[in-house]
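# Secondary and tertiary structure notes
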Amino acid sequence: RVDGTPAFVLGRNPVGVDAEAFAAHFQHAAAAGERFVRIHFTYSPPGEKAGEVHPDMLRFWDAVLDAAEQHRLAVLPVLGIWSDWNDGSRGELWHVWEKNPFNAKCGGPARQPGELLAETECRKLWGQRVEGLVRRWAARRCIVGWEIFSEVDLITGATEEGAVEFTRCVAAVVR
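Residues numbered from 1 in each chain as written. Predicted model: local features only at pLDDT ≥ 70, side-chain atom pairs only at ≥ 80, totals over all residues. Heavy atoms only, no water.

## What about the pairing of strand 2 (residues 36-40)?
- In terms of residue burial, strand 2 counts as a mostly covered element, since four of its five residues are buried.
- Looking at chain direction, strand 2 and strand 3 (residues 74-78) are connected through five bridges and run parallel. Bridge assignment links His40 to a residue of strand 3, and that residue is Val78.
- With helix 2 (residues 55-70) bridging strand 2 and the parallel strand 3, this β-α-β connection has right-handed handedness. (Buried < 20%, exposed > 50% of the residue type's maximum accessible area, 1.4 Å probe, protein only. Helix = DSSP H or I, 4+ residues; strand = E, 2+ residues; numbered from the N terminus. Pairing = 2+ DSSP bridges. Right-handed = clockwise from strand over helix to strand, strands pointing away.)

Below, the structure written as structure tokens:
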């Protein structure tokens with residue numbers, strides 16, 4: 001209950017092609033009594049380099065966070081998602097490793113998605129990206145935490161040991 005009224009605390013993982021689309025989602029969420037949204041901050045436009053975040057994307061996410069604040073919604077940014085690190089070799093339908101700027105074929109350091117989970121240049125650069133995002137938005141009133149990665153077990157080549165070590169290392173970066 002929120003102010004004595006039944007309400008969803010978290011009911012949405014909103015997506016949108018622009019800040020206005022997110023704002024519309026936020027308006028509906030707030031009207032329904034929601035107070036918390038989980039958003040994947042994972043898109044990399046063409047030309048983005050491994051370890052960096054394109055300035056246009058930073059401005060885009062700034063506008064999304066502004067809209068969340070206007071609707072008094074707490075935000076849990078998701079900093080990584082499995083499909084960016086999955087090559088589809090196990091039959092997954094939703095995979096975009098071929099577009100990932102960390103992929104060696106796109107100019108990045110990794111020949112295989114699982115390199116993210118090991119002590120490699122790939123993980124170092126991904127940590128730099130995470131650090132930049134956290135530093136940029138840590139002071140935002142709407143940020144309630146950081147989800148390091150969504151479904152790390154679905155990274156092509158993932159092992160439990162590698163996923164645990166990766167999570168430990170990136171959690172240290174976030175802290």
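## Some points on the state of the cysteines
- Tallied over the full model, the rule gives zero disulfides.
- Of the cysteine sulfurs around Cys122, a residue in no disulfide, the closest is that of Cys106, at 12 Å.
- Free of any disulfide, Cys169 has its nearest cysteine sulfur in Cys122, 13 Å distant. (Disulfide = S-S within 2.5 Å.)

## Here's the deal with the side chain of Asp62
- Tracing the sequence through the fold places Asp62 in helix 2.
- One polar contact links Asp62 to Arg136, side chain to side chain, over a distance of 2.4 Å.
- Within the local environment of Asp62, its side chain forms a polar contact with the side chain of Trp137, the two groups lying 2.6 Å apart. (Polar contact = N/O pair within 3.5 Å; in protein donor to acceptor, adjacent residues only side chain to side chain.)

## Focus on the pattern of salt bridges
- Per the counting criterion, the structure on display carries ten salt bridges.
- Between Arg140 and Asp62 there is a salt bridge, with the nearest N and O atoms lying 3.8 Å from each other. Of the two residues, Arg140 sits in the loop between helix 3 (121-137) and helix 4 (160-174) while Asp62 sits in helix 2, which places them 78 residues apart along the sequence. (Salt bridge = Lys/Arg side-chain N within 4 Å of Asp/Glu carboxyl O.)

## Remarks on the packing of aromatic side chains
- For the structure on display, the rule yields twelve aromatic pairs.
- Plain terms: the ring middles of Trp85 and Phe102 are 5.3 Å apart, the flat faces sit at 45° to each other, and that makes the pair tilted. Here Phe102 lies in the loop between strand 3 and helix 3 and Trp85 lies in the loop between strand 3 and helix 3, a separation of 17 residues in the sequence. Comparing Trp85 with Phe102 shows no difference in burial state: the two are buried.
- Between Phe149 and Phe166, the ring centres sit 5.6 Å apart and the planes meet at 85°, which makes this aromatic pair edge-to-face. (Phe/Tyr/Trp six-rings, centres within 6.5 Å; stacked < 30°, edge-to-face > 60°.)

## Details of helix 2
- With 16 residues, helix 2 extends 23 Å between its outermost C-alpha atoms, agreeing within 8% with the 22 Å of an ideal straight helix rising 1.5 Å per residue.
- All buried positions along helix 2 are accounted for by Met57, Leu58, Phe60, Trp61, Asp62, Val64, Leu65, Ala67 and Ala68.
- Taken together, the buried residues of helix 2 touch helix 1 (19-31), strand 2, strand 3 and helix 3.
- Looking one or two residues past helix 2, Arg72 carries a phi angle of roughly 55°, positive in sign. (Expected span 1.5 Å × (residues − 1). Contact = heavy atoms within 4.5 Å.)

## Re the nonpolar core
- Within the largest apolar cluster, 47 residues are counted, with the highest numbers of intra-cluster contacts made by Trp126 and Phe149.
- Elements represented by at least two residues in this core include exactly helix 1, strand 2, helix 2, helix 3 and helix 4. (Core = buried A, V, L, I, M, F, W, Y, C linked by side-chain atoms within 4.5 Å.)

## Description of the confidence of the model for the protein
- Summarising the model, the protein shows a mean pLDDT of 93, and 96% of its residues fall at 70 or more.
- Least confident of the elements in the protein is strand 1 (residues 10-12), whose mean pLDDT is 71; most confident is helix 4, at 97. (pLDDT = per-residue confidence, 0-100.)

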